[in-house]
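Architecture and fold: a report
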2 protein chains.
Amino acid sequence: MGATKTDHFTDKQNEIATLAKALGHPARIAIMEYLLKVDTCICGDIVNELPLAQPTVSQHLKELKNAGLIKGDIEGNKICYCIDEKVLNKLQAYFGNIATKLEKKKTDCC
Amino acid sequence: MGATKTDHFTDKQNEIATLAKALGHPARIAIMEYLLKVDTCICGDIVNELPLAQPTVSQHLKELKNAGLIKGDIEGNKICYCIDEKVLNKLQAYFGNIATKLEKKKTDCC
DNA sequence: ATATAATATTGCAATATTACGATAAATTAT
DNA sequence: ATAATTTATCGTAATATTGCAATATTATAT
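Each chain has its residues counted from 1, running along the sequence as written. Labels follow written order: the first chain is A, the first ligand is 1, and so on. Side-chain atom pairs in this predicted model are given and counted only at pLDDT of 80 or more, local residue features only at pLDDT of at least 70, and totals for whole chains, interfaces and linings cover all residues. Hydrogen atoms and water are omitted, and side-chain values are computed over all heavy atoms in the structure.

Some words on the overall build of chain A
Per the convention used, a helix needs a DSSP run of H or I reaching at least four residues, while a strand needs a run of E reaching at least two, with both numbered from the N terminus. Broken down by element type, chain A carries five helices and two strands. Evaluated residue by residue, chain A yields a buried proportion of 45% over its 110 residues. A total accessible area of about 6100 Å² is found for chain A, and carbon and sulfur atoms account for 50% of it. The classification of residues rests on relative accessible area computed with a 1.4 Å probe and restricted to protein chains. Under 20% of the type maximum is buried, over 50% is exposed, and intermediate values are partly exposed. Accessible surface area values rest on a Shrake-Rupley calculation with a 1.4 Å probe, where residue burial reflects the displayed protein chains alone.

Next comes the structure, spelled out in structure tokens:
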């Protein structure tokens with residue numbers, strides 16, 4: 001095997017899992033944090049910010065883009081990447097909801 | 001290669017990535033949601049809730065536990081699993097912080 | 001003591017991920 | 001036109017993940 005059985009789970013579960021998986025690598029967390037830090041999103045220097053080779057960074061960017069976490073537009077011979085606010089709000093809402101439910105649930109047995 | 005270069009990133013980045021990675025599978029999202037749904041955390045029927053074989057579920061539970069997302073205590077011949085509220089608050093805080101920063105940053109260029 | 005029940009571990013095959021050198025493609029500068 | 005710059009893609013090796021059958025472990029019930 002090795003392939004995830006996505007068809008046995010709900011769309012929402014698969015969606016959250018896909019987003020989480022995309023963030024499941026420190027390089028991709030670092031990319032997100034860098035995109036958040038720089039004020040403009042015309043950023044052609046992500047490679048220099050990371051301790052990884054250019055093809056590796058390009059691949060990580062592609063994964064973040066595939067998951068919908070970032071958007072990228074061609075800007076001359078550079079590429080303008082930035083975080084998709086909508087998707088991040090979705091993640092915030094998801095974890096916020098869980099945290100709230102956990103707080104209400106006072107049965108702290110473990 | 002194939003191994004993540006964790007030593008090149010900050011502890012915080014690695015920590016968030018580890019948590020996200022653990023949640024990066026629909027079965028593990030489903031497990032978290034089930035643990036959230038049931039009121040008591042003495043739950044010996046996680047396997048029946050999932051469309052996966054028992055060893056597979058056990059492995060997913062182990063990964064969630066390794067990441068620190070859930071706690072498990074032996075309760076007779078069953079196991080009492082439940083979500084670690086602290087860790088989930090950490091995730092909520094992390095994504096909440098990003099979402100807030102994105103909102104303030106009005107340079108929506110992409 | 002033996003059987004039953006619940007969970008974990010082992011071993012393994014199929015597949016996915018990570019990383020990077022080499023190379024390609026596209027744009028800008030000279 | 002040619003060179004330099006930036007990003008993407010291809011190919012490939014090393015490693016990790018996913019899933020499950022078989023088996024082990026541990027606790028309860030008979």
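Here's the deal with the relation of the copies chain A and chain B
Here the two chain copies are tied together by a rotation about an axis and a shift along that axis. Our superposition of the copies is a least-squares fit, built on the C-alpha atoms of residues whose pLDDT is at least 70 in both. Mapping chain A onto chain B leaves a residual RMSD of 0.0 Å; the transformation is a rotation of 180° accompanied by 0.0 Å of translation along its axis. Read as a symmetry element, the transformation amounts to a two-fold axis. What makes two residues a contact is simply this: any of their non-hydrogen atoms within 4.5 Å. Here 100% of the interface residues in chain A have copies in chain B that are interface residues too; the copies meet face to matching face.

Considering the interface of chain A and chain B
Every contact between the two is made by 49 residues of chain A and, on the other side, 49 residues of chain B. Around 4500 Å² of area is buried between chain A and chain B when both sides are counted, 72% of it from carbon and sulfur atoms. We define a salt bridge as a side-chain nitrogen of Lys or Arg found within 4 Å of a carboxyl oxygen belonging to Asp or Glu. If you look at where chain A meets chain B, you find zero salt bridges. Pairing of N or O atoms within 3.5 Å defines a polar contact, subject to two protein rules: one partner must be a possible hydrogen donor and the other a possible acceptor, and residues neighboring in sequence count only if both atoms are side-chain atoms. Linking chain A with chain B are five residue pairs in polar contact (both at pLDDT 80 or more). Among the secondary structure elements, those contributing two or more residues to the side of chain A that touches chain B are α1 (11-22), α2 (26-37), β1 (70-75), β2 (78-83) and α5 (85-104) of chain A. Looking at which element gives the most residues to the side of chain A that touches chain B, the answer is α5 of chain A, with 13 residues. Residues belonging to the side of chain A that touches chain B are distributed by class as follows: 29 nonpolar, 10 polar and 10 charged. Summed over both partners, the accessible surface that disappears when two parts come together, traced with a 1.4 Å probe, is what is meant by buried area. For this scheme, ten residues count as nonpolar: Ala, Val, Leu, Ile, Met, Phe, Trp, Tyr, Cys and Pro. Four count as charged, namely Asp, Glu, Lys and Arg, and the remainder, Gly too, count as polar.

A word on the packing of aromatic side chains
Two rings belonging to Phe, Tyr or Trp (six-membered ring only in the last case) form a pair when the distance between their centres is within 6.5 Å. Interplanar angles under 30 degrees mark stacking, angles over 60 mark edge-to-face geometry, and anything in between is tilted. Within the structure shown, the criterion is met by three aromatic pairs over all chains. Ring-pair connections join several aromatic residues into one group, and the members of that group are Tyr-94 and Phe-95 of chain A together with Tyr-94 and Phe-95 of chain B.

With respect to empty space enclosed by the protein
To find leftover empty space, one rolls a probe the size of a water molecule over the atoms. Buried and open spaces are told apart on a 1 Å grid over the protein atoms alone, a cavity being a set of points where a 1.4 Å probe fits but cannot get out and a pocket being an open set with protein on both sides within 12 Å along at least five of seven lines. Residues with an atom within 4 Å of a point are the lining residues. Grid points are joined across faces, edges and corners, and a volume is the space filled by probe spheres set on the points. Counted under the stated rule, the structure contains two cavities of 30 Å³ or more. Computed from the structure, the second largest cavity encloses a volume of approximately 30 Å³. Lining the second largest cavity, in full, are Tyr-94, Phe-95 and Ile-98 of chain A together with Leu-23, Ile-29, Met-32 and Leu-88 of chain B. If you list the elements that add at least two residues to the lining of the second largest cavity, you get α5 of chain A together with α2 (26-37) of chain B. No other element matches the three residues that α5 of chain A contributes to the lining of the second largest cavity. Tallied by class, the residues present in the lining of the second largest cavity amount to seven nonpolar, no polar and no charged.

Section: the pattern of salt bridges
Residues and elements named next belong to chain A. Using the criterion set out here, one finds six salt bridges over all chains in the structure. A salt bridge links Arg-28 to Glu-63, with the shortest nitrogen-to-oxygen separation between them at 3.2 Å. With Arg-28 in helix α2 and Glu-63 in helix α4 (residues 54-66), this residue pair connects regions lying 35 residues apart in the sequence.

So, the environment of Leu-19 of chain A
All names here are of chain A. Its location among the elements puts Leu-19 in helix α1. As for Leu-19 and Leu-91, which are separated by 72 residues in sequence, their C-alpha atoms are 8.1 Å apart. Ignoring any residue separated from it by four or fewer positions in sequence, one finds Leu-19 in contact with Ala-67, Leu-69, Val-87 and Leu-91.

Read these as spatial facts, not as claims about activity.
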